[in-house]
Amino acid sequence: MERKKYYITTPIYYPSGNWHIGHCYTTVICDALKRFHQMLGEDVFFLTGTDEHGQKVEKEAAKRGITPLEFIDPLVAELKDMWKLLDISYDRFIRTTDGDHVKCVQKIYQKLYDSGDIYKSEYSGYYCTPCESMWTEAQLKDGKCPDCGREVTLQKEESYFFRLSKYAPRILKLYEENPEFLQPKSRVNEMVNNFLKAGLQDLCVSRTTVKWGVPLPFDEKHCAYVWIDALSNYISALGYLSDDDSLYKKYWPADLHMVGKEIVRFHAIIWPAILMALGEPVPKQIYGHGWLLIGGEKLSKSKQDAVKKDLTDPYELVKRYGADAVRYFLLREIPFGSDGEYTNEKLLSRINADLANDLGNLVSRTTAMICQYFGGKLPARGREEGTDCELLQTAKGLFEKVKSAMDRLNAPDALCEIFALVARANKYIDETTPWILAKDESKRARLGAVLYNLAEVCRIAAVLLKPFLTQAPALILKSFSADENQGFESLAFGNLKEGSAVLKLPPIFPRIDVKKELAEVEKLVSDRQKKEKKEEKKPVENSEKLPEIAIDDFFKVELKVGEVIACEKVEKSNKLLHETVRIGNETRSIVSGIAKYYTPEEMVGKKVVVVTNLKPAKLCGVLSEGMLLCAESADGTLALLTPESAVESGAKVG
Ligand code: MSP
């Protein structure tokens, strides 16, 4: 009989670096689902990777004077290291710069162009570079990106469009006819009310101003819009439209795209529309999970800096507490589908309460008693007595409960069920008091039966924990001389053999002194932040007359002509203006202290001279990626330096 297949994906990650525990959430859940389905005997393919094209990477690389790949490669290596540390067992790590992916994206564009679903027009709208998303003026929130609240830039260019509007009715129908397609249910309401109800606009799917992307096969001046490029990874990874599409035939449609809630819109609207246009089946399910919060907001690099005491660096967390503890926390703590607050204190209390006290204690007490009373040989099962019944019933019905939770993708519920058995077994020790039975020779058979039952519960819990924890289950099974590779088929009670060797297991999760640990962690975080601050460049002091410099020193300053394409006042400042400046192919956000001398309206359209290799800084919370040159008169008034005759933006000065 052919095995059931299961194709599961995470989103592909932006190579932003600054990896934090929030980034691990989606992938750890997918890994647990992969392992669970594999243990069900299914043929699983688990895909993850990186989303490497687009304006953001282009800009960051340019800022550092290196190529995009030189910028990305180390970050991808870091991400892979992080997955290794967390025992993530993906089947392919796709990079959108992989040759087969690029070819596939081009074929997808060609197919959509040939069928008339992609057409040429002009794009005018607002672009949020960090989110790589486009907005109309009406969609902006206080003039900023409605998703992340950051600045957007006005962009106008010749573009290709995808006929997204045509697919709105089919997408609505898809939601109606397949309630499982988008989960949890609340996400359907968001999509319908915020986007689909008002009708969809055609989507701009190409850029001429971004060079770091997949060139369109029918017009090489244009690069593919990063989200179409990125979403295509789910099928390019399987060889869609390639000479060998056997994986595609086998695994598509995906069983599950697991994504964070902020990117549901791309997965539940744009992605099915693209697939419909290609004539391909849509994925069976998209699940939009919640976020790890810190101080009530989505955990992100900037939040990490603001909330000083919590350690969110996965490498350090795994180093301190182990992969199992970090995985367990992520899978158990956040109510599935909702947001959940992250603190080190919560992490430590999960480790201490569930892993050290409940699971760790059960295993070490059981193995220690078998070693002490039976010389390390598993006693016989014996007859079932009154108090055994409840424990055995809990163990026997557990698989169904865990499976039902995992069918709902609900790892916290599944773990809750397993730990209910662990708690029941600890209570069983208190009820049966093996240390008292041990004193009475006539109770030896009963003592053996009690310890056998406990050993079996440890084994069953270990097998059921295998999808979630990757190290402790093997240790537990080994200590009962049980096969580490056993799966759900072995869950029947009574599987352990009488007389098999039992080894005393030291605490698998040592108890942590919370107060001491929190103090240590707080110090570590604050030391790291101090170090980062020190590394930031100190501002150069003004002085009346500066010492002479060599010509080489002058050439260290990169000066270029730019054009101001948007400008606004900086809130909470009467000195600062925030300009959006186009310099050749790139657009920069620049803050200048010229509000007293120029209005924002006067600035738009001006050609200016920009210092383009200044280290970016934040002024009143606004990012400044350069400096406009001004002349200062003796009376303190300022005049912008502009080219004397027409020069194109991007021209070098010097
Ligand atoms: N590149 C896009 C996805 C393209 S998929 C075709 C992207 N990348 S990302 O790096 O920003 O996010 C990757 C995953 O990490 C997303 O599922 C996102 O929701 C998740 N998380 C990032 N921060 C998170 C939290 N604070 N909490 C939970 N998950 C979060 O989006």
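Residues numbered from 1 in each chain as written. Predicted model: local features only at pLDDT ≥ 70, side-chain atom pairs only at ≥ 80, totals over all residues. Heavy atoms only, no water.

A.B. asks: Would you mind showing me how to read the packing of helix α16 (residues 398-407) against helix α17 (residues 411-432) here?
C.D. replies: The geometry of α16 relative to α17 is characterised by a closest axis approach of 7 Å and an angle of 165° between their N-to-C directions. With respect to each other, α16 and α17 are oriented roughly antiparallel. Considering the relative orientation of α16 and α17, their crossing is right-handed. Only A411, D413, A414, E417, I418 and L421 of α17 make contact with α16, whose side of the interface consists of L398, K401, V402, A405 and M406. (Axes fitted to C-alpha atoms, helices over the stretch in contact; angles between N-to-C directions. Helix = DSSP H or I, 4+ residues; strand = E, 2+ residues; numbered from the N terminus. Parallel < 35°, antiparallel > 145°, perpendicular 65-115°, else oblique. Left-handed = near helix turned anticlockwise from the far one by under 90°. Contact = heavy atoms within 4.5 Å.)

A.B. asks: For this particular structure, what's the right way to read the side chain of E316?
C.D. replies: Within the element layout of this structure, E316 appears in helix α12 (residues 314-321). Overall, E316 belongs to the buried group, its relative accessible area being 9%. In contact with E316, other than residues within four places in its own chain, are L311, L524 and R528. (Buried < 20%, exposed > 50% of the residue type's maximum accessible area, 1.4 Å probe, protein only.)

A.B. asks: Would you mind showing me how to read the sheet that holds strand β10 (residues 215-216) here?
C.D. replies: Think of a sheet as strands paired side by side through backbone hydrogen bonds, with each pair either parallel or antiparallel. Pairing is antiparallel across the open sheet formed by three strands, whose spatial order is β9-β11-β10. Looking at strand neighbours, the two that pair on one side only are β9 (206-207) and β10, the edges of this open sheet. (Pairing = 2+ DSSP bridges.)

A.B. asks: Please clarify how helix α14 (residues 344-374) should be interpreted in this entry.
C.D. replies: For an α-helix the count is 3.6 residues per turn, leaving residues at separations of three or four pointing the same way. Maximal helix bending in α14 amounts to about 40°, located at G360. With its phi angle positive at about 60°, G375 sits one or two positions after the end of α14. (Bend = angle between axes of the 7 residues up to and from the residue.)

A.B. asks: Just to check I follow, could you spell out the side chain of N344 for this structure?
C.D. replies: For N344, the location among the structural elements is in helix α14. Using a relative accessible area of 1% as the deciding quantity, one classes N344 as buried. A polar contact of 3.0 Å, which involves the side chain of N344, links it to the side chain of Y342. (Polar contact = N/O pair within 3.5 Å; in protein donor to acceptor, adjacent residues only side chain to side chain.)

A.B. asks: Could you clarify how one ought to interpret the sheet that holds strand β4 (residues 118-128) in this entry?
C.D. replies: Strands sit in the order β5-β4-β6-β8 across an open sheet of four strands; the sheet is antiparallel. Each edge of the sheet is formed by a strand with only one pairing partner; in this case those strands are β5 (133-135) and β8 (203-204). Pairing of strand β6 (residues 153-162) with β8, which is carried by two bridges, proceeds in the antiparallel orientation. Residue pairing for β8: F161 is matched across the bridge by C204.

A.B. asks: It is not clear to me how the pattern of salt bridges should be interpreted in this structure. Could you clarify?
C.D. replies: Between side chains of opposite charge, a pair can form as their charged atoms come close. Taken as a whole and judged by the stated rule, the model has 50 salt bridges. Between R320 and E520 there is a salt bridge, with the nearest N and O atoms lying 2.8 Å from each other. Residue R320 is found in helix α12, and its partner E520 is found in helix α21 (residues 514-535); the two are separated by 200 residues along the sequence. Among the ionic contacts, a cluster of salt bridges with common partners joins D313, E316, K319, R320, E517, E520 and R528. (Salt bridge = Lys/Arg side-chain N within 4 Å of Asp/Glu carboxyl O.)

A.B. asks: Just checking my understanding: could you explain the packing of aromatic side chains for this structure?
C.D. replies: Aromatic rings considered in pairs are described by the distance between their centres and by the relative angle of their planes. All chains considered together, the criterion is met by 24 aromatic pairs. Centroid distance Y7 to F45: 5.8 Å. Interplanar angle 65°. Geometry classified as edge-to-face. You can see Y7 sitting in strand β1 (residues 5-13) and its partner F45 sitting in strand β2 (residues 43-50), a full 38 residues away along the chain. Like F45, Y7 is buried. Here W252 and W271 contribute two aromatic rings whose centre-to-centre distance is 6.2 Å and whose plane-to-plane angle is 75°, an arrangement assigned as edge-to-face. (Phe/Tyr/Trp six-rings, centres within 6.5 Å; stacked < 30°, edge-to-face > 60°.)

A.B. asks: How do you make sense of the environment of W435 when you look at a structure like this?
C.D. replies: Residue position: W435 is located in helix α18 (residues 434-437). Of the residues examined, W435 reaches a relative accessible area of 36% and is grouped as partly exposed. It is 66 Å that separates the C-alpha atoms of W435 and P68, two residues lying 367 residues apart in sequence. Residues in contact with W435, not counting those within four places in the same chain, are R365, Y373, I429 and D430.

A.B. asks: Got a minute to help me understand the site of the ligand in this structure?
C.D. replies: Around the ligand sit 24 residues, and of these I12, D51, E262, L292 and L299 come closest. Taking Y14, its main chain carries an N or O atom lying 3.1 Å from an oxygen atom of the ligand. Take L292: an N or O atom from its main chain is 2.9 Å from a nitrogen atom of the ligand. Compared with its free state, where it exposes 670 Å², the ligand has 96% of that area covered by protein. Sorting the residues of the shell around the ligand by element identifies β1, α1 (21-39) and α7 (226-231) as the ones contributing at least two each. Taken together, the residues of the shell around the ligand break down into 13 nonpolar, eight polar and three charged. (Near = heavy atom within 4 Å. Areas by Shrake-Rupley, 256 points an atom, 1.4 Å probe, with all protein chains shown as cover. Nonpolar A, V, L, I, M, F, W, Y, C, P; charged D, E, K, R; others polar.)

These values are about where atoms sit, not about what they do.
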